[in-house]
Amino acid sequence: MFKKQKFSENRSLAWTVFAVVVALTVVFSGGGALRAQRKAAADVFYYGVNNDGLCISADMTERVAAARNLADVAGRYESVSADLASAVDTAADAAEADAKSGELSSLATQNAALGRAVEQLYTELENASLSEADTTFALSQYKEFVSRGLTIGRDGYNARAEAFNETISSFPASVVAKVSGVGSLGLFR
Amino acid sequence: MKKNFLRGLVLCLALLLAIPLAASASVVQPTEMFYVYDGANVLSEATEATIVYNNDTLFAACGAEIVFVTVPSTGSMDISDYAYKLFNDWGIGSAERNNGVLILLEIGEEEYWYLQGSGIETRLTTGDLAALVDTYLEPDFAVGDYDAGAAKLFEQLFARVANIYGVTAHYKTYSGFTERASAPAATAKPSTSSSGSTFTPQRREAKRSGFLGTILKWIVWFMIINFVLGLFKRRSYRRRGLPVAALGFFLFKPWRLFTRRASTATPPPASGPAPRGTGGTTTFSSARRAGWYAGAGSSVVKNIVRSSSSARKSSGGSSFSSSRSSFSSGGRSSGFGGGRSSGGFSRSGGGGVSRGGGGGRHR
């Protein structure tokens, strides 16, 4: 005859409860730690290594502004392909949207795309017959654009993001990250 | 014989590895003039003197430093990376304001790069620098008149930076270093912050390595390798109860690698395993050797360390007469490996940093 076990003596149930508790602990505390580490890296993106505002976020704002200025200059000359200027504006819009929504991985991709679009546009601007003022202005905006790109590539955020990505790609952090929904960070270099 | 050969081989390999370490990607070191480094020998003395003396004024007024560097080549480094490393290694601009500006001319490749400190990049943007460089440097640079371009650009940068900080700094041209008066030529009003306090820029200790520094590094490496290799002899000395770690340096005699082993270092007679540290039944010769190692040995090590550090200090302060005549009471001399001038005007970086943007003429 099958003997009914007491709840407190049910070994299978005990193991099940144990497994659930362990899983919840791993997800919440392990995932929480990963989230904290990710936030620390993201804070550098928004506020700077020394919390002084010298950060990629500010650099991206200037970089996008310089790109749009170049597109504006191009828009004044029919000899410059409108598609190139349009491509720059599109990439700039996408970058701004990602920056606003905090999608850093997507923003890194858009930054690279913006760089390619600006290079193509500026090559055409160099060959076009611009006025002296526009030539000087285009040069200054292009140099500003490139300079911001270099600064972004050298920012301390990239090292922190890289370290974080390495952490969540190794076992067992990779499992915790997947379960907790903690994603990798985009690199801007 | 085989053991000596192996030791020699290890030592040679270690020294060979140290060579690329010593010669790894590096930038030029600043001279005592600091504000101008004419490695490519394209700048006239008048331009150099103008840059140096006006920078003295500017630094005193607002901590800003505008440095011109010419090099024949940046080697394997990209010019932007070279400029970035040079800027931060030299510490251009004051540490408080990070307001340095670097103009790097790579004559061999006919390229240049300009870079500003992180504290001034919003008020003197790369775009602003690009416009200035394109107007005042590029026309002369393109035809090979680097000196004229540098002089014109420096004057404009001086005016722009002084304007940014609202200082009244009078720009003056000089025909050479002999013309220098005893006091700064310009009456620069020290800049004041909005709270009314006066900004006094501080210079940081100049980082110098130089030739003597490299030699010292090699000596230290040699000592380390010597010590490690000497530990291979630990077994025979451990039996005698000698402190092996302290003796490591003296157990390896590198000159014996290439000569026949002399009979001086004969191992002690095996008298059975002696208790460590008790002395036991050691012979007279081993006891005397122990005394030499324990007493004089450590003091020899101390003397070596002491002489290294004094050599380092003397490299910073020693001087030899430069080709240019001295000025004022202190005189101006070039240190061996750089360093502060003896008693006169001291020039070095203020400790400023750059975030590494900038722009230039670069393929």
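Analysis parameters
- Residues numbered from 1 in each chain as written.
- Chains lettered and ligands numbered in written order.
- Predicted model: local features only at pLDDT ≥ 70, side-chain atom pairs only at ≥ 80, totals over all residues.
- Heavy atoms only, no water.
- Pairing = 2+ DSSP bridges.
- Helix = DSSP H or I, 4+ residues; strand = E, 2+ residues; numbered from the N terminus.
- Axes fitted to C-alpha atoms, helices over the stretch in contact; angles between N-to-C directions.
- Salt bridge = Lys/Arg side-chain N within 4 Å of Asp/Glu carboxyl O.
- Buried < 20%, exposed > 50% of the residue type's maximum accessible area, 1.4 Å probe, protein only.
- Right-handed = clockwise from strand over helix to strand, strands pointing away.
- Expected span 1.5 Å × (residues − 1).
- Contact = heavy atoms within 4.5 Å.
- Phe/Tyr/Trp six-rings, centres within 6.5 Å; stacked < 30°, edge-to-face > 60°.
- Buried area = accessible area lost by both parts, 1.4 Å probe.
- Polar contact = N/O pair within 3.5 Å; in protein donor to acceptor, adjacent residues only side chain to side chain.
- 1 Å grid on protein atoms, 1.4 Å probe; cavity = no way out; pocket = protein on both sides within 12 Å on 5 of 7 lines; lining within 4 Å.
- Points joined across faces, edges and corners; volume = space filled by probe spheres on them.
- Nonpolar A, V, L, I, M, F, W, Y, C, P; charged D, E, K, R; others polar.
- Core = buried A, V, L, I, M, F, W, Y, C linked by side-chain atoms within 4.5 Å.

Enquirer: Is there a simple way to explain the sheet that holds strand β2 (residues 65–71) of chain B in this structure?
Expert: Backbone hydrogen bonds hold the strands of a sheet together, and the pairing may be parallel or antiparallel. All names here are of chain B. Here we have five strands laid out as an open sheet, ordered β1-β2-β3-β4-β5, and mixed in their pairing. What marks the edges here is a single partner per strand, and that holds for β1 (36–38) and β5 (359–361). Between one strand axis and the next, the sheet turns by 10° as a mean value, whatever way the strands run. Both strand β3 (residues 100–106) and strand β4 (residues 111–116) contribute to a ladder of six bridges, which runs antiparallel. Bridge assignment links Val101 to a residue of β4, and that residue is Gln116.

Enquirer: Help me understand the pattern of salt bridges in this model?
Expert: Any two side chains of opposite charge can pair if their charged atoms end up close together. Residues and elements named next belong to chain A. Tallied over the full model, the rule gives 16 salt bridges over all chains. In this structure, Arg68 and Asp89 form a salt bridge, with 3.6 Å as the shortest nitrogen-oxygen distance. Pair noted here: Arg68 is in helix α2 (residues 56–75) and Asp89 is in helix α3 (residues 82–101), with a separation of 21 residues, a long-range link. Classification of Asp89 by relative accessible area gives partly exposed; the value is 27%.

Enquirer: I would appreciate a short explanation of the pairing of β2(B) in the present structure.
Expert: Within a regular strand, the side chains alternate between the two sheet faces. Residue and element names in this part refer to chain B. Counting buried positions over the seven residues of β2 gives seven, a clear majority of the element. Of the pairings in the sheet, the one linking β2 to β3 comprises seven bridges and is parallel in character. Across the sheet, Val71 pairs through a bridge with Glu106, a residue of β3. On the question of chirality, the crossover connecting β2 to the parallel β3 by way of helix α3 (residues 79–90) is right-handed.

Enquirer: Help me understand helix α1 (residues 11–47) of chain A, please; the structure alone is not making it clear to me.
Expert: Because an α-helix completes one turn every 3.6 residues, residues spaced three or four positions apart along the sequence face the same direction. Residues and elements named next belong to chain A. Here α1 spans 53 Å end to end across 37 residues, near enough to the 54 Å set by a 1.5 Å rise per residue. Against the buried residues of α1 lie α2, α4 (104–127), α6 (156–169) and α7 (173–180). Of the residues one or two after α1, Gly48 is the one with positive phi, at around 100°.

Enquirer: It is not clear to me how the packing of aromatic side chains should be interpreted in this structure. Could you clarify?
Expert: The geometry of an aromatic ring pair is captured by two quantities: the separation of the ring centres and the angle between the planes. All names here are of chain B. All told, the structure shown has 19 aromatic pairs over all chains when counted by the stated rule. Summarising the aromatic geometry, the rings of Tyr112 and Phe141 are spaced 4.9 Å apart at their centres and angled 85° between planes, so their arrangement reads as edge-to-face. Of this pair, Tyr112 sits in strand β4 while Phe141 sits in helix α5 (residues 138–142), and the two are 29 residues apart along the sequence. On the basis of relative accessibility, which here comes to 0%, the residue Phe141 falls in the buried class. With a centroid separation of 6.0 Å and an interplanar angle of 45°, the aromatic rings of Phe154 and Tyr171 are classed as tilted. Placement of the pair is Phe154 in helix α6 (residues 146–165) and Tyr171 in the loop between α6 and α7 (210–230), with a sequence separation of 17 residues. Looking at Phe154, the relative accessible area reads 1%, which means it is buried. For Tyr171, a relative accessible area of 23% puts it in the partly exposed group.

Enquirer: I'm lost on the interface of chain B and chain A in this one. Help?
Expert: Frequently, the measure chosen for interface size is the accessible area removed from exposure when the parts meet. Taken together, the contacts link 18 residues of chain B with 14 residues of chain A. Roughly 1,300 Å² is buried in total at the junction of chain B and chain A, and carbon and sulfur atoms are behind 51% of that figure. Among the residues of chain B in contact with chain A, Thr126(B), Gly127(B) and Arg355(B) are the three that bury the most area, contributing 35% of the side total. Put simply, chain B and chain A have three salt bridges between them. Here Arg355(B) makes a salt bridge to Asp155(A), at a shortest N to O gap of 3.5 Å. Taken together, the connections running from chain B to chain A amount to nine residue pairs in polar contact (both at pLDDT 80 or more). Of all the elements in the fold, those that place two or more residues in the side of chain B that touches chain A are α3, β4 and α4 (126–136) of chain B.

Enquirer: Would you mind going over empty space enclosed by the protein with me for this structure?
Expert: The gaps left among the atoms become clear once a water-sized probe is rolled over them. Under the criterion given, the structure shown has two cavities of 30 Å³ or more. Counted as a void, the largest cavity has a volume near 80 Å³. Lining the largest cavity are 13 residues, with Ser147(A), Thr151(A), Gln116(B), Glu121(B) and Thr126(B) sitting closest to its centre. Looking at the lining of the largest cavity element by element, the count peaks at four residues for helix α5 (residues 132–154) of chain A. Grouping the amino acids of the lining of the largest cavity by side-chain chemistry returns no nonpolar, eight polar and five charged.

Enquirer: Can you help me understand unusual backbone geometry in this one?
Expert: In terms of backbone geometry, most residues other than glycine have negative phi values and most peptide bonds are trans. Residue Pro172(A) is bonded to the preceding Phe171(A) through a cis peptide linkage, with omega at 0°. With respect to the helices and strands, the residue Pro172(A) is situated in the loop between α6 and α7. For Asn41(B), which is not a glycine, the phi torsion comes out positive at approximately 55°. Its location among the elements puts Asn41(B) in the loop between β1 and α2 (45–62). When its relative accessible area of 65% is taken as the criterion, Asn41(B) is described as exposed. Phi at Asn98(B) takes a positive value of approximately 50°, unusual for a residue other than glycine.

Enquirer: Would you take a moment to explain the nonpolar core for this structure?
Expert: The nonpolar side chains of soluble globular proteins are, as a tendency, buried together. Counting residues in hydrophobic clusters, the biggest one holds 62 residues, and the most contacted among them are Phe68(B), Val69(B), Leu86(B) and Trp90(B). It is α6(B) that provides the largest number of residues to this core, a total of ten residues. Counting 47 residues, the second largest nonpolar core, distinct from the first, contains Ala66(A), Ala92(A), Val118(A) and Leu185(A).

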